[in-house]
Amino acid sequence: MTEPTPRYRRVLLKLSGEALLGDVEYGIDPEVLHRLASEIRSLIEREVEVALVIGGGNIFRGAGLAAAGMDRVSADHMGMLATVMNALALQDALEREGVFTRVMSAIQINQVCEDYIRRRAIRHLEKGRAVIFAAGTGNPFFTTDSAASLRAVEVGADVVLKGTKVDGVYSSDPVNDPQATRYRRLTYDQVLDSRLGVMDATAIVLCRDENMPIMVFDVTRPGCLADAVDGQDIGTMVERG
């Protein structure tokens, strides 16, 4: 059976650190890492260019420690380092799948990864390498959601694929409300006005201003990445009305 032609040719996949937890309470579940790496390899074999931004919440959340009284700038820098750890773990998993991978950091850690340089990142993608953007934007007070939107715009991605633990955006918390309904389409302004929590406001505004569509979907389901790239109705699309 012939595979469908991908709807998107260059994608930015945003993964939360919690997406790597799987069934463990802290750190990284190797089985989750292997599955994600295998699915990303399959996309690249179909000539889809894949960039990734990954959070660090499975290891450290800067905002949480800042709320407990720690200096926010120091806490956010610690959070950036957690994203680098996750990026290196995902790089290792991808390379074991035979995928050439580059980690590019917004802060200088030259002994373990490259500095982020936009033109170099685009060249890596054009050569069929997976590119993992680590350390957020390199600045405190900005989330990895904002980093994902920024990098997607910078490298000319077709879409931001926002992987979550639920299959889209709901009218209310589907865990607590059995009557919650999934939105299939939303505009950027609807997300902002209703405070739906798809991504932080800075990320949504940047995507709106640059007309960057966002697909929110369940990244824990096997086969999800192929369905997302093929444009299947598996989550919620946020785009212009």
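See above for the structure.
From a predicted model like this one, the values you see are computed outputs, not experimental measurements.

1. Thoughts on the state of the cysteines
- Using the criterion set out here, one finds zero disulfides in the structure.
- For cysteine 207, which is in no disulfide, the shortest distance to another cysteine sulfur is to cysteine 224 and amounts to 19 Å.

2. Examining the sheet that holds strand E9 (residues 185-186)
- Strand order in the open sheet formed by nine strands is E4-E3-E5-E2-E1-E6-E10-E11-E9, and the pairing between neighbours is mixed. Since the sheet does not close on itself, it has two edges, and those belong to strand E4 (114-115) and E9, each with one partner.
- Taken together, the five bridges between strand E6 (residues 159-164) and strand E10 (residues 214-218) define a ladder with parallel strand orientation. Of the residues in E10, the one forming a bridge with lysine 162 is valine 216.

3. A word on unusual backbone geometry
- For glutamate 47, which is not glycine, the phi torsion reads 65 degrees and is therefore positive.
- Even without glycine at this site, phenylalanine 141 takes up a positive phi of about 75 degrees.
- As for its position among the elements, phenylalanine 141 is in the loop between strand E5 (130-134) and helix H5 (144-155).

4. Looking at the environment of leucine 125
- Relative to the helices and strands, leucine 125 is located in helix H4 (residues 118-126).
- Separated by 75 residues in the primary sequence, leucine 125 and valine 50 have C-alpha atoms spaced 6.9 Å apart.
- For leucine 125, the residues in contact, after removing those within four places along its chain, are Arg10, Glu49, Val50, Ala51, Val131 and Val155.

5. A closer look at the side chain of asparagine 86
- Looking at the element boundaries, asparagine 86 is found in helix H3 (residues 72-96).
- According to the relative accessible area criterion, asparagine 86 is buried, its value standing at 0%.
- When neighbours within four sequence positions are excluded, asparagine 86 is seen to be in contact with Gly17, Leu20, Ile28, Ile54, Gly55, Gly56, Asn58 and Ile59.

6. Section: the pairing of strand E2 (residues 49-54)
- Counting buried positions along E2 gives six out of six residues, so the element sits mostly inside the fold.
- Here E2 shows two buried faces, one formed by Glu49, Ala51 and Val53 and the other by Val50, Leu52 and Ile54.
- Bridge count between strand E1 (residues 10-15) and E2: six bridges; the pairing is parallel. Residue leucine 15 lies in a different strand from E2, and its bridge partner there is isoleucine 54.

7. Considering the pairing of E6
- Of all six residues in E6, six are buried, a share of seventy percent or more.
- Alternating residues of E6 divide into Val159, Leu161 and Gly163 and Val160, Lys162 and Thr164, and every residue in both groups is buried.
- Inspection of the sheet shows E1 paired to E6 by five bridges, in the parallel sense. Looking at the pairing, leucine 12 lines up with valine 160 of E6.

8. A look at H3
- Taking 1.5 Å per residue, 25 residues should reach 36 Å; H3 reaches 37 Å between its end C-alpha atoms and fits that length.
- Structurally, the start of H3 carries an N-cap: the backbone nitrogen of valine 73 is 3.3 Å from a side-chain oxygen of aspartate 71.
- Downstream of H3 by a residue or two, glycine 98 has a phi angle that is positive, lying close to 85 degrees.

9. What about the pattern of salt bridges?
- The full count for this structure, using the stated rule, is 18 salt bridges.
- For the salt bridge of glutamate 45 with arginine 41, the shortest nitrogen-to-oxygen distance reads 3.5 Å. Placement of the pair is glutamate 45 and arginine 41 together in helix H1 (residues 30-45), with a separation of four residues, close to one helical turn.
- The exposure class assigned to glutamate 45 is exposed, which follows from its relative accessible area of 58%.
- Linking glutamate 114 and arginine 102 is a salt bridge whose minimum nitrogen-to-oxygen distance equals 3.5 Å. With glutamate 114 in strand E4 and arginine 102 in strand E3 (residues 101-105), this pair connects stretches of sequence that are twelve residues apart.
- Taken together, the shared-partner salt bridges connect Lys14, Asp145 and Lys162 into one network.

About the cut-offs
- Residues numbered from 1 in each chain as written.
- Predicted model: local features only at pLDDT ≥ 70, side-chain atom pairs only at ≥ 80, totals over all residues.
- Heavy atoms only, no water.
- Disulfide = S-S within 2.5 Å.
- Pairing = 2+ DSSP bridges.
- Helix = DSSP H or I, 4+ residues; strand = E, 2+ residues; numbered from the N terminus.
- Contact = heavy atoms within 4.5 Å.
- Buried < 20%, exposed > 50% of the residue type's maximum accessible area, 1.4 Å probe, protein only.
- Expected span 1.5 Å × (residues − 1).
- Polar contact = N/O pair within 3.5 Å; in protein donor to acceptor, adjacent residues only side chain to side chain.
- Salt bridge = Lys/Arg side-chain N within 4 Å of Asp/Glu carboxyl O.

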